[in-house]
Amino acid sequence: MKQQVFFRYTAMILLVSWMLAACKVTRPYTGPQTDTNGLYRDGSGADTNTIANLPYTAVFTDTVLQRLIAEGITQNLDLRVAYTRIQQSQAYYTQARAAFLPTLSANAGVTESKLSDVQGFGIRTSLSQFQLGVASSWEADVWGRLRSNRRASLAALLQTEAAARAVQTGIVSTIASYYYTLLALDQQLVITRETVRNWDSTVAVLRALKEAASVTEAAVVQSEAQRYAAEVTIPDLKQNIRETEHALSILLARPPGPIERSSLEGQQALALLQTGVPAQLLANRPDVQQAEFAYRNAFELTNVARTAFYPALAITGSAGLNSLSLAQFIDPSALAASIGVGLTQPIFNRRLNRTNLAVAQAGQQAALYDFRKALLNAGREVSDALSLHATALEKMSVRTNQLSALEKSVAYTQELLQYGFANYNEVIIARQSLLGAQLGGVNDRLQQLQATVNLYRSLGGGWK
């Protein structure tokens, strides 16, 4: 009797010791240390207002573009794939939560045995055994393995959700970028066609002057060549328009076809590009969130690897009917039940547990580096977008003065040519310069709009 009491107290002490030690086996999660100071080049103020918190309808005021973005969010195939990955992760997380429940299985069977004639009388005996029962087992999460697995599955689920948000921000920004590119190409096509018409007028003037013996045939031919030089760029512009329409159609899950759009002149850029503070990237940038959840997943998997060094405690039980004859199968004497407690302690398994722990720790460190890289990349993209926007505004200011001077130059040389005070080379140079400046002005405007798109995306806008 004393020995039984002793063994009971010993078992209780061991169990309590294991449960206390469990607090040291797994470690509580702490997020990666981050320093966002200086993440934006040229610094940032303390204003926490950021355009990332604006809905895309507030950033892109063109109603046609708004409809295209809404269609893209609804129909885009990449985003639909991202949603299916969320469903997969949700299933794994549900399974991880169910690991805390006991298993239950039922079994039924008939066993037919033939006994040999061991005494030499030529008689073989047949024996039948009937079984019907249930069995159950439950693992006590003493060391936190199941809890760590559940937290790892939750982190994986949150990672897929962040990945879907990252896909959406990319879709919003790419649709807007393609849309603005189409508007710029449309405007360049209009300018080029207008330039061809102006060259027709110039060629007509030079022909008249040639008939009046004021210029030579060489001047007429040269002006015609410049007219064709402008016209030959039109097919390339049309091809670029078609290819951009097709690329945008794929984003909308449409067959390649035309895209409805407005005009470049009707676009209104945001008057104030607020970036907030760099620390807000942790809450707004989906890819940064995704990297942080990947680190959390790796952290918890390292916890799981640590628990493999400690014994697993399992409680098993079974109950059922077992009889040698079907007639006695429902007799109370056929009922059998058992319950047991088992410990499985790893002793030697060819270094498998140590290898798993080393791999998990290396994976956790790699995930930390990936997180830091994602944060640095986010800061670079914000800095690039701000610089691109400032450069576009600076170019647009200078371009305005250039266009004004070139328009006057073309008008003056055209008028002087008619009166014989300018030669055809001056007219050609003036028109060529004006065309280049006009096309450059369109590119400047496109750069400004795309810089706004890039900044909105790089700050984490487009998914809220």
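Structure: above.
Keep in mind that this is a model prediction, so the values were computed, not measured.

Undergrad: An account of the overall build of the protein chain is requested, with residue identities and associated values reported.
TA: Counting its regular elements, the protein chain contains 11 helices and 4 strands. In the protein chain, which comprises 464 residues, the proportion classed as buried is 38%. Taking the contacts inside the protein chain whose residues are at least 6 apart along the sequence as the reference set, 84% of them involve residues at least 24 apart.

Undergrad: Which residues make up the pattern of salt bridges, and what values go with them?
TA: According to the stated counting rule, one finds 16 salt bridges in the structure shown. Between Arg-67 and Glu-260 there is a salt bridge; the shortest N-O distance is 3.2 Å. Of the two residues, Arg-67 sits in helix α3 (residues 63–75) while Glu-260 sits in the loop between α7 (233–251) and α8 (281–284), which places them 193 residues apart along the sequence. For Arg-67, a relative accessible area of 45% corresponds to the partly exposed category.

Undergrad: Give me the lowdown on the environment of Thr-302, citing residues and values where you can.
TA: Among the secondary structure elements, Thr-302 is positioned in helix α9 (residues 286–307). Setting aside residues no more than four positions away along its own chain, Thr-302 makes contact with Leu-357, Ala-360, Gln-361 and Gln-364. Separated by 3.2 Å, the side chain of Thr-302 and the backbone oxygen of Ala-360 make a polar contact. Here the side chain of Thr-302 touches Gln-364 through a polar contact of 3.0 Å, side chain to side chain.

Undergrad: Tell me about the nonpolar core, and please be specific about residues and values.
TA: Burial of nonpolar side chains together is a common tendency in soluble globular proteins. Core analysis: the biggest nonpolar cluster contains 56 residues, and Phe-60, Ile-175 and Tyr-180 have the highest contact counts within it. The greatest single-element share of this core, amounting to 14 residues, is contributed by helix α5 (residues 145–211).

Undergrad: Account for a nonpolar patch on the surface, naming residues and giving values.
TA: On the surface, Trp-138, Ile-315, Ile-339 and Val-341 cluster together into a nonpolar patch covering about 420 Å² of accessible area. Looking at where Trp-138 falls in the secondary structure, it is placed in strand β2 (residues 125–140).

Undergrad: Describe helix α6 (residues 217–231), with residues and values.
TA: In this model, α6 (15 residues) spans 21 Å end to end at C-alpha, consistent with the 21 Å of a helix rising 1.5 Å per residue. Inspection of α6 places Ala-219, Val-220, Ser-223, Gln-226, Arg-227 and Ala-230 among the buried residues, and these make up the whole buried set. Viewed end-on, α6 has its buried residues packed into an arc of 125°, placing them on one side of the element. Turning to α6, the residues buried within the fold contact α5, α7 and α11 (424–458).

Undergrad: An account of the packing of aromatic side chains is requested, with residue identities and associated values reported.
TA: In total, this model carries 7 aromatic pairs according to the counting rule given. A ring pair is formed by Tyr-29 and Tyr-295, whose centres lie 6.1 Å apart and whose planes are at 55°; its orientation type is tilted. Here the residue Tyr-29 occupies a position in the loop between α1 (2–25) and α2 (56–59), and Tyr-295 occupies one in helix α9, the gap between them amounting to 266 residues. What links up through ring pairs into an aromatic cluster is the set Phe-60, Tyr-179, Tyr-180 and Tyr-456. For the cation-ring pair, Arg-165 lies above Trp-463, with the distance from its terminal atom to the ring centre recorded as 5.0 Å. Over the face of the ring belonging to Trp-199 we find Arg-431, whose NZ or CZ atom lies 6.0 Å from the ring centre.

Undergrad: Talk me through unusual backbone geometry; I want residue IDs and the actual numbers.
TA: The phi dihedral of Ala-253 falls on the positive side, at around 60°, and the residue is not glycine. Here Ala-253 is to be found in the loop between α7 and α8.

Undergrad: Any details on empty space enclosed by the protein? Residues and values, ideally.
TA: Following the criterion strictly, the structure yields 1 cavity of 30 Å³ or more and no others. If you add up the space inside the largest cavity, you get close to 30 Å³. Surrounding the largest cavity, Tyr-40, Thr-50, Ala-52, Thr-275, Val-277, Gln-280, Leu-281, Asn-284 and Leu-459 form its lining. Its residues assigned to classes, the lining of the largest cavity shows 5 nonpolar, 4 polar and no charged.

Conventions and cut-offs
- Residues numbered from 1 in each chain as written.
- Predicted model: local features only at pLDDT ≥ 70, side-chain atom pairs only at ≥ 80, totals over all residues.
- Heavy atoms only, no water.
- Helix = DSSP H or I, 4+ residues; strand = E, 2+ residues; numbered from the N terminus.
- Buried < 20%, exposed > 50% of the residue type's maximum accessible area, 1.4 Å probe, protein only.
- Contact = heavy atoms within 4.5 Å.
- Salt bridge = Lys/Arg side-chain N within 4 Å of Asp/Glu carboxyl O.
- Polar contact = N/O pair within 3.5 Å; in protein donor to acceptor, adjacent residues only side chain to side chain.
- Core = buried A, V, L, I, M, F, W, Y, C linked by side-chain atoms within 4.5 Å.
- Patch = residues over 30% accessible without salt bridge, like charges linked within 9 Å, V, L, I, M, F, W, Y side chains within 5 Å.
- Areas by Shrake-Rupley, 256 points an atom, 1.4 Å probe, with all protein chains shown as cover.
- Expected span 1.5 Å × (residues − 1).
- Arc of directions from axis to C-beta.
- Phe/Tyr/Trp six-rings, centres within 6.5 Å; stacked < 30°, edge-to-face > 60°.
- Lys NZ or Arg CZ within 6 Å of the ring centre and 35° of its normal.
- 1 Å grid on protein atoms, 1.4 Å probe; cavity = no way out; pocket = protein on both sides within 12 Å on 5 of 7 lines; lining within 4 Å.
- Points joined across faces, edges and corners; volume = space filled by probe spheres on them.
- Nonpolar A, V, L, I, M, F, W, Y, C, P; charged D, E, K, R; others polar.

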